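Fold and geometry: a report
Listed below are the residues making up each chain.
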Amino acid sequence: MSDPVYDLVIRGGTVATSSDVFAADVGISGETIVALGKNLGAGKKEIDATGKLVLPGGIDAHAHIEQLSAAGLVNADTFETATTSAAFGGTTSVICFAAQHIGMDVRKVLTDYTALAKRGAMIDYAFHIIVADVTDKVIAEDIPALVKEGYSSIKIFMTYDLLRVHDEKLLDILAAAREAKALVCVHAENHGIISWMVKRLLDKGYTAPKYHPVSHARLSESEAFTRLIAFSELLDQPIMIFHVSTREGAAVIREARGRGVKVFAETCPQYLFLTMEDLDKPGVEGAKWMCSPPVRTTDDQEALWRALDLGDLQLVSSDHAPYRMDETGKLRAGPNPTFKQIANGMPGLEVRLPLLFDAMVSKGRLGLSKFVELTSTAPAQIYNLPNKGSIAIGMDADIAIWDPLKKVTLSDAMMHDLAGFTPFAGRELTGWPTTVLLRGSVLVEGDTFNGKPGEGRLMLRDGGKAAAPSGRLAAEMDPARNFGAKLL
Ligand code: DUC
Ligand code: ZN
Ligand code: ZN
């Protein structure tokens, strides 16, 4: 046997990127992919990938981990459990949230969440900064400074009583983000429609979980998208619309992108694989399927798949938000809560990739390269993670080796997060990530987990490129008076 050339060689597999599928060995030195080719020299360690697919580790750009909600609930998971479950599902990077609530100092919030992640994370992580209290300090000091330091995405809510940001403050955030070159991610639903519907439903005694989707009327999504897009267009500020759930919402995005508005958008597995009928269960059982926006219909599923195919939506993230079915989580208000009292959200870090692999690769919908694009390459590009998201020389060796024939029936018991259930239990999937590497180290090998808490690394991200003053506002101002530049 010749002297080893690499620390690790993954030999004999089929590599897939967002553009190509080819047979190649992968040579890894230290944390980095250094060679791709046939018959590479020996590695100190070798993994036989014959019959397997060698794919970049997943990047989940939307997960709530150890997060405090405005109502005072903390998600069921710690960074340790959430990121362990992510790794078992083939995900090696996550973007989660540092959540400011009213009266909190943003920098302190970020310091606190960073400390939690530093202690527990098994995979690499970054943060979106949630801003709920849009003070002058946040606009003038915190956003510019934090974006410079590598926290280059801000998340805001257009709904929820204690989180929502009103239109003018939203414009302030968009303008500040434009100046700082950050991306603004938005939970976009019309607050008035939802509150009005909730009140009427509860007054009439419609309290079961199955009325939650009714309260989030479909128009609450498309109205909020339209308004948000108008603001984005006014200021020429890129936005990311989170968790698109309806056909109408996807159509609004398509139209805006066609006009050149810089709008990105994601959907989530729950909107592709579940429907509102899933909430129609005896008692409060339907609470397991409650998230906001709610899951919709098979017609919406078809529209979302089409939007992914056309590129109108660029990502599929999990929106992992685990709450247990007990008094610590969904049943905090007691054993028989109204739908309004039940925490929204479902676990999804572990099953996001297997569900999509089964649909896209095993069943053939959109195919392998599109699977890699939606789940790894596009999030790396949109969120500025230059070393992540592909199998290429110089990239971090974050790799999931998939057995495309392995059959798995999802069950609550097999999940590694702390939610205690998966809303996808009972589904039979074909294809599973059997070996998962983080920066060249084998994190998952079958049922064995080799990671250690704190081995995940904070990923700081540059903001976008400098944008010349433009947008509708600039165009609509009289250039001679130069109002546009001053306002922007
Ligand atoms: N809705 C949210 O807005 N956040 C977390 C999960 C959910 O369902
Ligand atoms: Zn949301
Ligand atoms: Zn979310």
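Our structure is the block above this text.
All values reported here derive from a predicted model rather than from experimental measurement. (Residues numbered from 1 in each chain as written. Chains lettered and ligands numbered in written order. Predicted model: local features only at pLDDT ≥ 70, side-chain atom pairs only at ≥ 80, totals over all residues. Heavy atoms only, no water.)

In the first shell of the zinc ion (ligand 2), the protein supplies His187 (ND1) and His243 (NE2), at 2.1 Å from the metal. Separating the zinc ion (ligand 2) and the zinc ion (ligand 3) is a distance of 3.6 Å. Residue His187 is located in strand 12 (residues 183-187), and its partner His243 is located in the loop between strand 13 (239-241) and helix 8 (247-258); the two are separated by 56 residues in the primary sequence. We note that His187, like His243, is buried. (Donors = N, O, S within 2.8 Å, 3.2 Å for Na, K, Ca; no water. Helix = DSSP H or I, 4+ residues; strand = E, 2+ residues; numbered from the N terminus. Buried < 20%, exposed > 50% of the residue type's maximum accessible area, 1.4 Å probe, protein only.)

Either a parallel or an antiparallel arrangement is found when strands of a sheet pair, and the pairing is made through backbone hydrogen bonds. Taken in spatial order, the eight strands of this open sheet run 8-9-10-11-12-13-14-15, and their pairing is parallel. Each edge of the open sheet carries a strand with a single partner, namely strand 8 (58-60) and strand 15 (315-316). Relative to strand 14 (residues 263-267), strand 13 runs parallel, the two sharing three bridges. Bridged to Ile241 within strand 14 is Ala265. Lying on the sheet, helix 8 is in contact with strand 13 and strand 14; it crosses strand 14 at an angle near 155 degrees. (Pairing = 2+ DSSP bridges. Contact = heavy atoms within 4.5 Å. Axes fitted to C-alpha atoms, helices over the stretch in contact; angles between N-to-C directions.)

As a further point, take the side chain of Gln314. Checked against the element boundaries, Gln314 lands in the loop between helix 10 (298-310) and strand 15. A distance of 2.7 Å separates a polar side-chain atom of Gln314 from the backbone nitrogen of Ala265. Of note is the side chain of Gln314, whose polar atom sits 2.8 Å from the backbone oxygen of Asp312. Beyond its immediate sequence surroundings of up to four residues, Gln314 is in contact with Arg257, Phe264, Ala265, Leu374, Ala378 and Ile382. (Polar contact = N/O pair within 3.5 Å; in protein donor to acceptor, adjacent residues only side chain to side chain.)

Tracing the sequence through the fold places Glu350 in the loop between strand 15 and helix 11 (352-362). No salt bridge forms around the buried Glu350; measuring N to O, its nearest opposite-charge neighbour Lys406 is 11 Å away. (Lys, Arg positive; Asp, Glu negative; His and termini not counted. Salt bridge = Lys/Arg side-chain N within 4 Å of Asp/Glu carboxyl O.)

Let us look at helix 12 (residues 368-382). Over its 15 residues, helix 12 extends 20 Å from the first C-alpha to the last, a length consistent with the 21 Å expected when each residue adds 1.5 Å. Its maximal kink placed at Leu374, helix 12 deviates by approximately 45 degrees. (Expected span 1.5 Å × (residues − 1). Bend = angle between axes of the 7 residues up to and from the residue.)

Each neighbour pair has its own omega, and for Ser292 with Pro293 the value is -5 degrees, a cis peptide bond. Position of Pro293 relative to the elements: it lies in the loop between helix 9 (269-273) and helix 10. If you check the backbone angles, Asp236 has positive phi at about 55 degrees while not being a glycine. Topologically, Asp236 is positioned in the loop between helix 7 (218-235) and strand 13. Residues other than glycine seldom take positive phi values, yet Asp319 does so here, at roughly 50 degrees. With respect to the helices, strands and loops of the structure, Asp319 is situated in the loop between strand 15 and helix 11.

Pairing in this open sheet of seven strands is mixed, and the strands run 3-2-7-16-17-18-19 from one edge to the other. Edge positions in the sheet fall to strand 3 (21-23) and strand 19 (448-449), since each has one partner strand and no second. Packing against the sheet, helix 11 makes contact with strand 7 (53-56), strand 16 (399-409) and strand 17 (428-438), and its axis sits at approximately 120 degrees to strand 17.

With that settled, the discussion passes to the packing of helix 1 (residues 79-88) against helix 2 (residues 106-120). Two numbers describe how helix 1 lies on helix 2: the axes approach to 8 Å, and their chain directions differ by 60 degrees. Overall, the two elements helix 1 and helix 2 adopt an arrangement that is oblique. Every pair of crossing elements has a handedness; the one defined by helix 1 and helix 2 is right-handed. Counting all contacts with helix 1, which are made through Phe79, Glu80 and Thr83, the residues of helix 2 involved are Tyr113, Leu116, Ala117 and Gly120. (Parallel < 35°, antiparallel > 145°, perpendicular 65-115°, else oblique. Left-handed = near helix turned anticlockwise from the far one by under 90°.)

The next point concerns helix 1. Of all 10 residues making up helix 1, nine are buried, and the element is well covered by its neighbours. Among all positions in helix 1, only Phe79, Thr81, Ala82, Thr83, Thr84, Ser85, Ala86, Ala87 and Phe88 are buried. Its buried side turned inward, helix 1 meets strand 9 (91-99), helix 2, strand 10 (124-130), strand 17, strand 18 (441-445) and strand 19. Following helix 1 by one or two positions, Gly90 adopts a phi angle in the positive range, close to 90 degrees.

In contact at an axis separation of 10 Å, helix 4 (residues 167-180) and helix 7 are set at 40 degrees when each is read in the N-to-C sense. The angle between the axes of helix 4 and helix 7 places the two elements in the oblique class. In this structure, helix 4 crosses over helix 7, and the sense of that crossing is right-handed. Packed against helix 4, whose contacting residues are Asp167, Leu170, Leu171, Leu174, Ala175 and Arg178, the element helix 7 presents Arg227, Leu228, Phe231, Ser232, Leu234 and Leu235 at the interface. Along the lines of polarity and charge, the residues of the contact of helix 4 with helix 7 split into eight nonpolar, one polar and three charged. (Nonpolar A, V, L, I, M, F, W, Y, C, P; charged D, E, K, R; others polar.)

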